[in-house]
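# Structural characterization, general
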Amino acid sequence: MNADILLGASAVLAFGASTAFEIELPNATHVSPASAFGAALAAVAVSTNGVSPVQLLLVALAIQLVIVGAIRRKWGTSAIHGASLAIAFGFVLLYDQFGSTLGRERRVGLVFVVIAACLIYFAIDQSVRTARETHYELRLQIFIGRARAAAPLAVVLASTSGLIVLVLPLLGWMTFVVMFVPVLVCKHEFARWGQARRTYGETVRTLADLAEGAGYVAQGHSSRVAQLCVRIGQELALPPHRIQELELVGLLHDVGAVSLSDPSDLASVSSESIAESTGHLLKETEYLSRYAEIVLEVARGGRDVPLEGRILRVADAFDAARGSTVNELHALNSFTDPEYTPVVAALRRVLIVS
Amino acid sequence: MPSRLAVRGTPPLKGCVQDSEETAGQPRESSGGGVCSAGVRRRSTCCCCARLDLVKDAGSGPLVLMAKVQERQRISVFAYVGCTVCIAGALIASLAMHSGPVQVSRGVFFTILFALGERLSIEGKVRGIPRAGSRPRMPLLSAGFLVLMAAAFACSPLTAALIGLVTPVLQRPWRGTLRGAFNSAQTAIYAGAASSAYVGVRHAGGGGAPAMLLSAIAGAAVAITLNTTLVSGVMALERRRSVIAVFRDVAWLAVANLPFSLIALLVAILYKEGGPAAAVFILAPLYVLRSARRGKIELDAAQERTLRAFVRAVELKDPYTSRHSERVAEIAVELHVALGARENSLERRYYGALLHDIGKIAVSGRILAKVGRLTPEEYEVVQRHPGTGAFVVGGVSFLADVVPEILHHHERIDGTGYPCRLSGDAIPFAARVLAVADTFEALTSDRPYRRGLTTGMALAELRRSAGSQLDPEVVEALARLLESGHVFPLLPARSLEKAGMPQLEVAQRA
């Protein structure tokens, strides 16, 4: 009896703690580890005799309401967690009702049911997050992008919940102490990855500012082009990692000019040779080497440019015409190629919104 | 020149020669040559690049000895490895006498799991990162260590020790007998000891879940202590540093693996209860963690390469200084190592040196590449570059603490440098090191008005300006480094014949 209460309490606490943070994925997606501990909590609820599942569910709901709602101030997320947890509980309880005839194999079956419950929890969480995005017509694409980005982590969380069920009879309430370690390690690893992305962005932005400050690039041009690229990319529902790269390339697209002896030489060199220098620089970064050719092709005015190149060209031309509405319209209308139609249309939508 | 970037408050210093490149002076031919001959001669044979790669990407496994051992430390390292092998042999023999037969199936299973885990976690070297950037900073994921600990908890001490003996052989690439022997022996020692500690504490604790957790932590702590001590011993011998200094550098890498002992316990329990299939379960999380780790390493490399590419682009303004910053960075990092800097500060020192002339972006290439005396106005512009560079670098948060060395790398010990006319110890230490590396590189590379000096001549030149321009202590560290046969791979190769040749028209600037 006492052991059951201890087990229930530790399971509820682990679930509560897991709602307190989210794991940051590379595609601006966040994943809550609560799915693993929520599903495991449901398993605890059906395997203890001292505490009723409904009591456990209510306590867990209250705790997550306090942590997510009152402390983290995310009432919407709290509602998602509540609904997902209730559904996971219902799923596991159903199995308990109809699967109890399985006898010895019951625990193995429970592992699979809990894994399934964890995945359901996860799917609800992700789809509600997607629904909050502003691009209504692109929801499906965004959901697929998110799901693909989050799939490996979903597998890890599901296997964590399965492991908890397996280890539960052996370690008792300490299972939750032990199983929290991999989740924390995961969070830490992904947070470092996110930090590295932000640091890299900061470095690239500083270099772009430096080129502008030294007079090699028009003041503010790089960041405006980068911003336009991002907005157009979002409007065209590019996958997030491509948008991130596009932003960096937008910042660096003219940076090759720093190799000139003096900014006053800008007048006497062709944009192509600057692009060549930029392309060389991008190639050396390796991370963005894919864009070296694109930047060069854009400067040459080639016809066979990939989508990123077209976005870059439209954004660049639009920003170059900045200041006079007539010039801007002229710049937009100069892209008559059918390939450019969606890009220009996206830019128009961006301009209307802002 | 836009003044936005220029940091004001730098009084123009008339008449005094400021730029380290201008201290070339007249080389004294008699003093050159011999100093670095050892280094030059060894260029083709010695493996200078492996020196700092000694700790394998510690994030992916227990510490192992990776570097090729240099000739002159061979005997002491041999003796040390011999002792380690003897201890491992004695340990296995005593375990064999006191415990039952070897658990063959468990041994085979965990050896295979180790091979799988290693396959998952080996990062490999990311191409093109200089040594300073490639050093791991926060290792967390350690599949090899995890599997070994799981084996230690699931098997008898004898079996664990034997698994430890075998697994280093599976680590690829195979790096020679000496290193293989040492790694096998030390792994056997710590795996066997961890298993014994686990069994001992568990018996004392009387079973139950808390005792199990406690004994797992105790076992892992024993393993980490032994592993770190044994490896830092051999590293200290190899690098001729004190054991404590090396221990301090590597210990925290190993301690970060402690949480994994709990996961290892899980693997062991799953193996005992659910059989091999259940234990393989644990590889899925490791796979995901590896992808995150990979992503981070890739971005760190991108960061370094992007900064390097930008610096190269800026250096194109004066073709004679191309790759100057990279060479300075290399020299500065080696100097810091020789002067006993902590391992985890080297990355910052690398970036400081790489970016020290980034402020020259705001100086016209016509001034930078000018042959002949600069006008006072031009001097004033040139003297702004440390301030500009410091201003720029200060805008990047992870580079915030390299600002002082960039700002002060043209200060002179006698207080006549720029921009702040600091003198002596008031100049930040890293800036003094950077000044020596900068001057040394400038002396050894070609300029439009003279050929580059040989390392020996350049060193004599540095000694001449030690105390007035440069910090004598740092100059002596560089001298010791060169005399011990160190070669900087990026510096232009100067053969002995060339060193013997009369130096051609070494004209001092103006």
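Residues numbered from 1 in each chain as written. Chains lettered and ligands numbered in written order. Predicted model: local features only at pLDDT ≥ 70, side-chain atom pairs only at ≥ 80, totals over all residues. Heavy atoms only, no water.

### Let's talk about the overall build of chain B
What counts here: Helix and strand definitions here come from DSSP, where helices need a minimum of 4 consecutive H or I residues and strands a minimum of 2 consecutive E residues; each element is numbered from the N-terminal end. Accessible area is worked out with a 1.4 Å probe on protein chains only. A residue is then buried under 20% of its type maximum, exposed over 50%, and partly exposed in between. The contact definition used throughout considers only heavy atoms, calling two residues in contact when any of these lie within 4.5 Å. Throughout, the Shrake-Rupley method with a 1.4 Å probe supplies accessible areas, and for residues the shown protein chains are the sole cover considered.
Counting secondary structure elements, chain B contains 22 helices and zero strands. In chain B, buried positions account for 59% of the 510 residues. For chain B, the proportion of contacts with a sequence separation of at least 24, taken over those separated by at least 6, is 78%. For chain B, the exposed area adds up to about 19200 Å²; of that, 62% sits on carbon and sulfur atoms.

### Points about the packing of helix 2 (residues 74–98) of chain B against helix 7 (residues 177–205) of chain B
Residue and element names in this part refer to chain B. Note the following rule: Interaxial angle, 0 to 180 degrees, is taken between N-to-C directions of lines fitted to C-alpha atoms, where a helix line uses only the stretch in contact. Each angle gets one of four labels, with under 35 degrees taken as roughly parallel, over 145 as roughly antiparallel, 65 to 115 as roughly perpendicular, and the rest as oblique. In this scheme the crossing of two helices becomes right-handed for a clockwise turn of the near helix relative to the far one and left-handed for an anticlockwise turn of less than a right angle.
Interaxial distance between helix 2 and helix 7 falls to 9 Å at its minimum, and their mutual angle equals 40 degrees. The pairing of helix 2 with helix 7 is recorded here as oblique in orientation. For the element pair helix 2 and helix 7, the recorded crossing hand is left-handed. Contacts from Val77, Phe78, Tyr80, Val81, Thr84, Val85, Ile87, Ala88, Leu91, Ile92 and Leu95 of helix 2 reach helix 7 at Leu178, Ala181, Phe182, Ala185, Gln186, Ala188, Ile189, Gly192 and Ser196.

### Concerning the interface of chain B and chain A
To be explicit about the condition: Throughout, the accessible surface (probe 1.4 Å) given up by two parts as they are put together, summed over both, is called the buried area. Salt bridge, as used here: a side-chain nitrogen of Lys or Arg that lies within 4 Å of a carboxyl oxygen of Asp or Glu. We define a polar contact as two N or O atoms separated by no more than 3.5 Å, with the added condition that, inside protein, one atom must be a possible hydrogen donor and the other a possible acceptor, whereas residues neighbouring each other in sequence contribute only through side-chain atom pairs. Polar here means any residue other than Ala, Val, Leu, Ile, Met, Phe, Trp, Tyr, Cys and Pro, which are nonpolar, and Asp, Glu, Lys and Arg, which are charged; Gly is therefore polar.
Contacts between chain B and chain A engage 57 residues on the former and 52 residues on the latter. Summed over both partners, the interface of chain B with chain A buries about 5100 Å², with 74% contributed by carbon and sulfur atoms. On inspection of chain B and its partner chain A, the count reaches three salt bridges. Of the charged contacts in the structure, one is a salt bridge between Arg366 of chain B and Asp265 of chain A, with a shortest N-O distance of 2.4 Å. Taken together, chain B and chain A are joined by 11 residue pairs in polar contact (both at pLDDT 80 or more). Secondary-structure elements contributing two or more residues to the side of chain B that touches chain A are helix 8 (209–239), helix 10 (260–274), helix 12 (283–315) and helix 15 (365–368) of chain B. Its residues assigned to classes, the side of chain B that touches chain A shows 38 nonpolar, eight polar and 11 charged.

### Considering the packing of aromatic side chains
Heads up, the rule is: Within 6.5 Å between ring centres, the rings of Phe, Tyr and Trp (the latter by its six-membered ring) count as paired, and their orientation is classed by plane angle as stacked under 30 degrees, edge-to-face over 60, tilted in between.
Evaluated as defined, the whole model comprises 12 aromatic pairs over all chains. For the pair Phe109 of chain B and Phe110 of chain B, a centre-to-centre distance of 5.1 Å together with 75 degrees between the ring planes defines the contact as edge-to-face. Here Phe110 of chain B falls in the buried class, since its relative accessible area comes to 0%. One aromatic cluster in this structure is built from Phe21, Phe37 and Phe180 of chain A.

### Some details on the pattern of salt bridges
Going through the model one piece at a time under the given rule, you end up with 33 salt bridges over all chains. Glu272 of chain A is paired through a salt bridge with Arg300 of chain A; the nearest N and O atoms lie 3.7 Å apart. With Glu272 of chain A in helix 10 (residues 271–285) and Arg300 of chain A in helix 11 (residues 290–300), this pair connects stretches of sequence that are 28 residues apart. Between Glu483 of chain B and Arg463 of chain B there is a salt bridge; the shortest N-O distance is 3.7 Å. One end of the pair, Glu483 of chain B, is in helix 21 (residues 472–483); the other, Arg463 of chain B, is in helix 20 (residues 455–465), with 20 residues separating them in the sequence. Judged by its relative accessible area of 41%, Glu483 of chain B is partly exposed.

### Re the environment of Gly38 of chain A
Residues and elements named next belong to chain A. Residue placement: Gly38 occurs in helix 2 (residues 34–47). By relative accessible area, Gly38 is classed as buried at 0%. The spacing of Gly38 and Pro338 is 300 residues in sequence and 51 Å in space, taken between C-alpha atoms. For Gly38, the contacting residues outside a window of four places in its chain are Phe15, Leu85, Phe89 and Tyr121.

### Some thoughts on the packing of helix 19 (residues 429–444) of chain B against helix 21 of chain B
Residues and elements named next belong to chain B. Contact geometry of helix 19 with helix 21 gives a least axis separation of 9 Å together with a crossing angle of 50 degrees. Accordingly, the angle class assigned to the pair helix 19 and helix 21 is oblique. Between helix 19 and helix 21 the crossing geometry is right-handed. Two secondary-structure elements touch here, helix 19 through Phe429, Arg432, Val433, Val436 and Phe440 and helix 21 through Val474, Val475, Leu478 and Leu482.

### A closer look at the side chain of Thr321 of chain B
Within the secondary structure, Thr321 of chain B is located in the loop between helix 12 and helix 13 (324–338). Residues contacting Thr321 of chain B, with those up to four places away along its chain left out, are Glu315 and Arg447 of chain B.

### Some points on unusual backbone geometry
Omega for the bond connecting Tyr418 of chain B with Pro419 of chain B falls within 30 degrees of zero, at 5 degrees, which places this linkage in the cis form. Mapped onto the secondary structure, Pro419 of chain B falls in the loop between helix 18 (403–407) and helix 19. For Arg73 of chain A, which is not glycine, the phi torsion reads 60 degrees and is therefore positive. Within the secondary structure layout, Arg73 of chain A lies in the loop between helix 3 (53–71) and helix 4 (75–98). Take Arg73 of chain A: its relative accessible area is 61%, and that puts it in the exposed class. Here the phi dihedral of Arg421 of chain B falls at roughly 55 degrees; this positive angle occurs in a residue that is not glycine. As for its position among the elements, Arg421 of chain B is in the loop between helix 18 and helix 19.

### Observations concerning a nonpolar patch on the surface
Counted only if it meets this: Two distance rules govern patches: like charges are joined within 9 Å, and nonpolar side chains (Val, Leu, Ile, Met, Phe, Trp, Tyr) within 5 Å, applied only to residues with over 30% relative accessible area and no salt bridge.
A contiguous nonpolar patch, built from Val102, Val104, Val108, Ile112 and Leu116 of chain B and spanning about 420 Å² of accessible area, is present on the exposed surface. Mapped onto the elements of the fold, Val102 of chain B is located in the loop between helix 2 and helix 3 (104–121).

### Thoughts on the environment of Asn227 of chain B
Residues and elements named next belong to chain B. Inspection of the secondary structure puts Asn227 in helix 8. Classification of Asn227 as buried rests on a relative accessible area of 3%. A C-alpha to C-alpha distance of 46 Å links Asn227 and Arg464, two positions 237 residues apart in sequence.

### Thoughts on the confidence of the model for chain B
Residues and elements named next belong to chain B. What counts, and what does not: Across the chain, each position has a pLDDT score giving the predictor's confidence in that residue, from 0 to 100.
On average, chain B scores 74 in pLDDT, and the residues at 70 or more come to 75%. Highest mean pLDDT in chain B belongs to helix 18 (94); lowest belongs to helix 1 (residues 37–42) (30). Long-range and interchain partners of residues 1–62, a stretch whose pLDDT sits below 50, account for 169 contacts in this model, where long-range means more than four residues apart. Counted against residues more than four places away or in other chains, residues 494–510, with its pLDDT under 50, gives 38 contacts.

### Observations concerning the state of the cysteines
Each disulfide consists of a covalent bond between the sulfur atoms of two cysteine residues. To keep things clear, this is the line we draw: Here, two cysteine sulfur atoms that lie within 2.5 Å of each other are counted as a disulfide.
By the definition in use, this model includes zero disulfides over all chains. The cysteine Cys118 of chain A is free of any disulfide, with Cys186 of chain A supplying the nearest cysteine sulfur at 12 Å. In this model Cys86 of chain B remains outside any disulfide bridge; the closest cysteine sulfur is found in Cys83 of chain B, 6.4 Å from its own. Residue classification places Cys86 of chain B among the exposed positions, given a relative accessible area of 54%.

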